[in-house]
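Working through the structure, step by step
These are the residues of each chain, in order.
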Amino acid sequence: MQRSAIFHELWQQSFAHFAKRPQIHIAGAGVSGLHLAFFLAQRGLPVVVHEPARCGGLRIPLVFACHSLRRRHVLWETAADFSRHWYAQCADGRIVRIHQHEGKSYFTIHLRHYLRWLRAQVAKFGVRFSMGKASLDYTPLFVAAGSASLDFAHNFRAALFQLPGWESYFRLARAEQIIPNTVLDRGAKYLQHGLRAAIIHPKNSSQDAAYQLAKSLHPTARHALFHGERLTTRDRNPVVGFALNDRITDFRALARHLKQKQPVLCETVFFFTAMGYHAMTYTPFLADRTARWLIGENIAEENLLGMLTPARFLPP
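Remember, predicted model here, so these are calculated numbers, not experimental data.

**Topic: the pairing of strand β2 (residues 47-50)**
Neither face of β2 is left uncovered, since the one carrying Val47 and Val49 and the one carrying Val48 and His50 both have all their residues buried. As defined by bridge partners, β2 adjoins strand β6 (residues 128-130) across 3 bridges and the pair is classed as parallel. From the neighbouring strand, Val49 faces β6, where its bridge partner is Phe129.

**Quick notes on the packing of helix α1 (residues 3-14) against helix α6 (residues 251-259)**
Helix-helix packing is characterised by the crossing angle of the two axes and by the distance between the axes. Where α1 contacts α6, the two axes come as close as 11 Å, and the packing angle between them is 55 degrees. The pairing of α1 with α6 is recorded here as oblique in orientation. The two elements α1 and α6 meet at a crossing, and its hand is left-handed. Contact with α1, carried on its side by Arg3, Ile6, Phe7, Glu9, Leu10 and Gln13, involves Phe251, Leu254, Ala255 and Leu258 of α6 and no other residues of that element. Taken together, the residues of the contact of α1 with α6 break down into 7 nonpolar, 1 polar and 2 charged.

**Describing helix α2 (residues 31-42)**
Side chains that are three or four residues apart share a direction in an α-helix, a result of its 3.6 residues per turn. The end-to-end C-alpha separation of α2 is 17 Å, in line with the 16 Å expected for 12 residues at 1.5 Å each. The buried fraction of α2 is high, at 11 of 12 residues. Restricting attention to buried positions, one finds in α2 the residues Val31, Ser32, Gly33, Leu34, His35, Leu36, Ala37, Phe38, Phe39, Leu40 and Ala41.

**Section: helix α5 (residues 207-217)**
Among the residues of α5, Ala210, Leu213, Ala214 and Leu217 are the ones counted as buried. The arc that holds every buried residue of α5, seen down its axis, measures 100 degrees, which confines them to one face. The exposed set on the far side of α5, more than 90 degrees from its buried face, consists of Asp208 and Ser216.

**Some details on a positive patch on the surface**
On the surface, a cluster of positive charge is contributed by Arg54, Arg94, Arg112 and Arg116. Structurally, the position occupied by Arg116 is in helix α4 (residues 111-123).

**With respect to the pairing of strand β1 (residues 24-27)**
Burial along β1 is two-sided: Ile24 and Ile26 and His25 and Ala27, pointing in opposite directions, are all buried. For β1 and β2, the ladder comprises 4 bridges, and the chain directions are parallel. Note on β2: the bridge partner recorded for His25 is Val48. In this region the chain leaves β1, passes through α2 and returns to the parallel neighbour β2; the handedness of that crossover is right-handed.

Analysis parameters
Residues numbered from 1 in each chain as written. Predicted model: local features only at pLDDT ≥ 70, side-chain atom pairs only at ≥ 80, totals over all residues. Heavy atoms only, no water. Buried < 20%, exposed > 50% of the residue type's maximum accessible area, 1.4 Å probe, protein only. Helix = DSSP H or I, 4+ residues; strand = E, 2+ residues; numbered from the N terminus. Pairing = 2+ DSSP bridges. Axes fitted to C-alpha atoms, helices over the stretch in contact; angles between N-to-C directions. Parallel < 35°, antiparallel > 145°, perpendicular 65-115°, else oblique. Left-handed = near helix turned anticlockwise from the far one by under 90°. Contact = heavy atoms within 4.5 Å. Nonpolar A, V, L, I, M, F, W, Y, C, P; charged D, E, K, R; others polar. Expected span 1.5 Å × (residues − 1). Arc of directions from axis to C-beta. Patch = residues over 30% accessible without salt bridge, like charges linked within 9 Å, V, L, I, M, F, W, Y side chains within 5 Å. Areas by Shrake-Rupley, 256 points an atom, 1.4 Å probe, with all protein chains shown as cover. Salt bridge = Lys/Arg side-chain N within 4 Å of Asp/Glu carboxyl O. Lys, Arg positive; Asp, Glu negative; His and termini not counted. Charge placed at Lys NZ, Arg CZ, Asp CG, Glu CD. Right-handed = clockwise from strand over helix to strand, strands pointing away.

Next comes the structure, spelled out in structure tokens:
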């Protein structure tokens, strides 16, 4: 079987999987987990979100969304169009600030405030929160990105790995100017949201190099240096879909099981993770389409989402 046919078959096996509206459990109350909870609960599924930390989500306080001006893969372009509409509805200046450049909208987002706002929105749909750790005893369990879900990523270590990095966070005076990205070290990004600003340092930066760069750009500003880790994939694209059962070790085994009409999905674990640097662009779109797919709504992006299945990391 060709890979496209395999992805189609996996899609079909998952389609309308939650038509009976089962109890859903999500590991992680960060960007991925809360968006997924919102769109699943919006469609009538009962949801519990497990987050052992007091407040889930990235430590990075400022993020971009929909900011690339270059034409990218159809996944990015489709997600960006969806997310522009999504963020425009909550662009109040304090949480989400909208910018215009060359006829396109992009956004800077104060992530902590945004996650609090989103948590309040999902609560309106009856989503419950638990500070206990999620367990494979829950069925089905959605694994979203973050520390709450790393325990469940071990089966995909060849595809998923932790990427460390540094970020500086500033509280500015009104007179301080925006720093153009052209003056930063290659690979660094500068974000400003009102009187708050941040530098995402190059991935190979040392603590001392990150500190010195921050001090040189805003020598008088109060600032903090954060170090965090995020889950990413080798191709920088998300993982969306049910895990495969333990008997599936390579593509030949997967094709053989599918030809023989044998079950191939581990219906207890669904990965919705590794959104990477474009998390705030990908996630609203993918959460919406995933919820539609699993309750049985026909959507146009079967090929698009099918290519994000964990099966794409199986060896030949």
